[in-house]
Amino acid sequence: MRAWALCWSLLCVVDGWGGRRRSNKNHAEAALTEEFRPATRETRCLAFDEGVDCLDLGTCANGTARRRAFVSVFDAYVDLPLENRKGPGLLEHEAKVARVARRNGADRIFVFPVPEKQKVPVAAATIAALEDLGVEIRYSDHVVPPKLSAGILVESGGCCGAREFLKLEPMGYDEYDAMVVADLDYDPEDGADFGPLFDCVAEGRVLTTRGPEVPVNGAFLAVPPSELLRSRLRAALETARVDYRAGWNGEGWGPNNNPHAHFQARMQGFFHWFFYRSRSSDAARDAQARWRPAQVDPCVWNFQKGLADVCARERCAGRARAYGHLHHPRENCACVDDADWNEHRSTAHTCEHVAKDPDRRCGSVDAAGRNASLACPSACDARCAAARSEA
C-alpha cells in the first residue's frame with residue numbers, strides 16, 4: 001500500500017510512528033488443522049463456519065435509518081496521492097462516493113489521525129479539496145488502539161496490520177443510526193440504493209460480507225454506531241491474542257479462511273472471531289446476542305475479483321451495487337451457465353456436475369433435448385476458459 005495505484009484501503013502508521021513495532025515475518029508456514037474451503041454459491045454468506053442464507057434486507061422496516069454515514073479512514077503513514085494511473089484518482093472517486101452518499105441521505109466522512117500523529121502530513125490542499133466535494137473531515141487522537149494487547153501483532157501484513165483498527169474510531173459516532181465503514185477503494189455504483197441496507201443496520205445489526213478466501217472482508221463493515229459498540233470492541237482487543245496457527249484466542253481460523261494466503265491478525269480477522277466464530281468468549285457471545293451479526297450477499301454489496309465465478313449471475317444481471325478494490329471483474333456474460341438446466345436422468349446433474357468431467361458430460365442433454373454444451377458454456381466452451389484465465 002505504498003501508492004494509491006496499489007491499494008486505496010486505509011494506509012498505515014504506528015501510533016505516533018515511534019511506538020511498538022512487531023512482526024510476524026518469522027512465523028513458519030504451519031500445517032492447517034482444517035482444510036480450506038473456497039467460496040461457493042452455497043457459502044456466499046457464513047455463520048460459525050457454515051453456509052447460511054444471506055440476510056434478506058426486505059425483512060427490515062423501511063425508514064428505520066434516519067441518520068446515515070459512509071466513512072473511510074486514512075492513517076497518514078504514507079502520502080495520499082491524488083492520482084491513480086490504474087483508475088480514477090482520489091478526488092474523482094471521492095466525488096462519486098460523496099454523490100452516492102447524498103443520494104442515499106448519508107454523510108460522507110473521512111477520519112484522519114490528528115496532525116501530530118501523521119507520519120506523512122495530509123496536505124492542506126487535499127483536505128480543502130475533499131471538503132469542497134462535501135466530505136466531512138474528522139480526526140482521531142490515536143491510530144493503533146492505546147491499550148492494544150501485546151498478544152496482537154502491530155505488523156501483521158496486509159496494508160496496515162493493527163493500524164487498521166483505526167476503523168473502530170467512527171463506530172462510536174452515535175449521532176448516526178447506521179454506518180458503512182469502507183476502504184477508500186470501495187466503489188459503489190452511481191445509482192446504488194443503500195436504503196434497505198442502512199435500515200437493517202439501524203435495527204441494531206452488524207452486517208458484513210465474506211471475501212474470496214476469508215470469512216469476513218474488511219473492505220465493507222456496516223454497523224449501528226454507538227459508544228457501547230466501540231468500547232466493547234476496543235476492550236476485546238485489550239486482552240485478545242492472535243496466533244498464526246491457533247487463530248484468535250486459540251479458537252482456530254475455521255475452514256473458510258486461508259491462512260496460507262492471509263494471516264488475519266487485523267480488522268477482518270478480529271471481526272470474524274468476535275461476531276461470527278467465538279463460542280468461548282463471554283464478551284463475544286454477548287456481542288453476538290446484542291448486535292445480531294449477519295452477512296449480506298457479497299455478489300451485491302462487495303463484489304471482488306476472486307468472486308467473479310461465484311457471482312457471475314449477479315454481475316451479468318446488473319445486480320451488483322458495489323465493488324471491492326475498484327476492480328469490476330471482466331465477466332463474459334456469454335459464459336454464464338443456465339442455472340435451471342439439468343441432465344434428463346437426474347436433477348442433481350446440473351452444470352456444476354458437467355464441469356467436473358466436461359470431456360464426458362458436455363454431450364449430455366436435458367428433458368427437452370438441450371445439450372449441455374449450450375447450457376453450460378463455462379464448462380464446455382473453450383473460449384470461456386480462456387477468458388477466465390485472462391481475467
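This write-up is about the structure you can find in this document. (Residues numbered from 1 in each chain as written. Predicted model: local features only at pLDDT ≥ 70, side-chain atom pairs only at ≥ 80, totals over all residues. Heavy atoms only, no water.)

Now for the environment of P81. Within the fold, P81 resides in the loop between β3 (68-73) and α1 (90-103). Using a relative accessible area of 23% as the deciding quantity, one classes P81 as partly exposed. (Helix = DSSP H or I, 4+ residues; strand = E, 2+ residues; numbered from the N terminus. Buried < 20%, exposed > 50% of the residue type's maximum accessible area, 1.4 Å probe, protein only.)

Under the counting rule described, the total for this entry stands at 19 aromatic pairs. Arranged with centres 6.0 Å apart and planes meeting at 75°, the rings of W253 and F263 form a pair that is edge-to-face. Of this pair, W253 sits in the loop between β11 (247-248) and α5 (267-277) while F263 sits in the loop between β11 and α5, and the two are 10 residues apart along the sequence. Owing to a relative accessible area of 7%, W253 belongs among the buried residues under this scheme. An aromatic cluster of at least three residues, connected via ring pairs, comprises F165, W248, F270, F271, W273, F274 and F275. (Phe/Tyr/Trp six-rings, centres within 6.5 Å; stacked < 30°, edge-to-face > 60°.)

Two elements in contact, helix α4 (residues 227-239) and helix α6 (residues 282-291), have axes whose closest approach is 11 Å; the angle formed by their N-to-C orientations is 155°. Classed by the angle they form, the pair α4 and α6 counts as roughly antiparallel. The way α4 lies across α6 gives a crossing that is left-handed. Between α4 and α6, the residues in contact are L228, L229 and R232 and D286, R290 and W291, respectively. Its residues placed into classes, the contact of α4 with α6 shows 3 nonpolar, no polar and 3 charged. (Axes fitted to C-alpha atoms, helices over the stretch in contact; angles between N-to-C directions. Parallel < 35°, antiparallel > 145°, perpendicular 65-115°, else oblique. Left-handed = near helix turned anticlockwise from the far one by under 90°. Contact = heavy atoms within 4.5 Å. Nonpolar A, V, L, I, M, F, W, Y, C, P; charged D, E, K, R; others polar.)

Take the state of the cysteines next. By definition, a disulfide is the covalent link that joins the sulfur atoms of two cysteine residues. For the structure shown, the criterion picks out 5 disulfides. One disulfide in the model links C60 with C200; its S-S distance is 1.9 Å. Taking the torsion about the sulfur-sulfur bond, which here is approximately 105°, the covalent link between C60 and C200 counts as right-handed. Note that C60 is positioned in the loop between β2 (50-52) and β3 and C200 in helix α3 (residues 195-202), a separation of 140 residues in sequence. Each member of the pair, C60 together with C200, is buried. There is a disulfide in this structure between C299 and C311, and the S-S distance comes to 2.0 Å. Measuring handedness by torsion sign, the sulfur bridge of C299 and C311 sits at about -70° and is left-handed. In this pair, C299 is assigned in helix α7 (residues 298-301) and C311 in the loop between α7 and α8 (312-316), connecting sequence segments 12 residues apart. The exposure class assigned to C299 is buried, which follows from its relative accessible area of 0%. Take C311: its relative accessible area is 0%, and that puts it in the buried class. (Disulfide = S-S within 2.5 Å.)

Taking 1.5 Å of rise per residue, 14 residues should cover 20 Å, and α1 covers 20 Å from first to last C-alpha, within 8% of that figure. Those residues of α1 that fall on the buried side of the exposure criterion are L90, H93, E94, K96, V97, A98, V100 and A101. Looking at the buried side of α1, the elements it contacts are β3, β4 (106-113), α2 (124-132), β5 (135-140) and β7 (187-188). Positive phi shows up at G105, right after α1, with a value of about 70°. (Expected span 1.5 Å × (residues − 1).)

For the rest of this paragraph, the subject is α3. Of all the 8 residues making up α3, 6 are buried; the element is thus mostly covered by neighbouring parts of the structure. Along α3, the positions that sit buried rather than exposed are G195, L197, F198, D199, C200 and V201. A positive phi of about 100° marks G204, the residue just after α3.

A word on the pattern of salt bridges. Under the criterion given, the structure shown has 24 salt bridges. Here D190 ties to R103 by a salt bridge, and the two come within 3.2 Å at their closest N and O atoms. Residue D190 is located in the loop between β7 and α3, and its partner R103 is located in helix α1; the two are separated by 87 residues in the primary sequence. Judged by relative accessible area, which is 56%, R103 ranks as exposed. (Salt bridge = Lys/Arg side-chain N within 4 Å of Asp/Glu carboxyl O.)

Quick look at the nonpolar core now. With 45 residues, the main nonpolar core has F165, M171, W248, F270, F271 and F275 as its most contacted residues. Per-element tally for this core: the top contributor is α5, with 7 residues. With 26 residues, the next largest nonpolar core counts L57, Y186, C200 and F220 among its residues. (Core = buried A, V, L, I, M, F, W, Y, C linked by side-chain atoms within 4.5 Å.)

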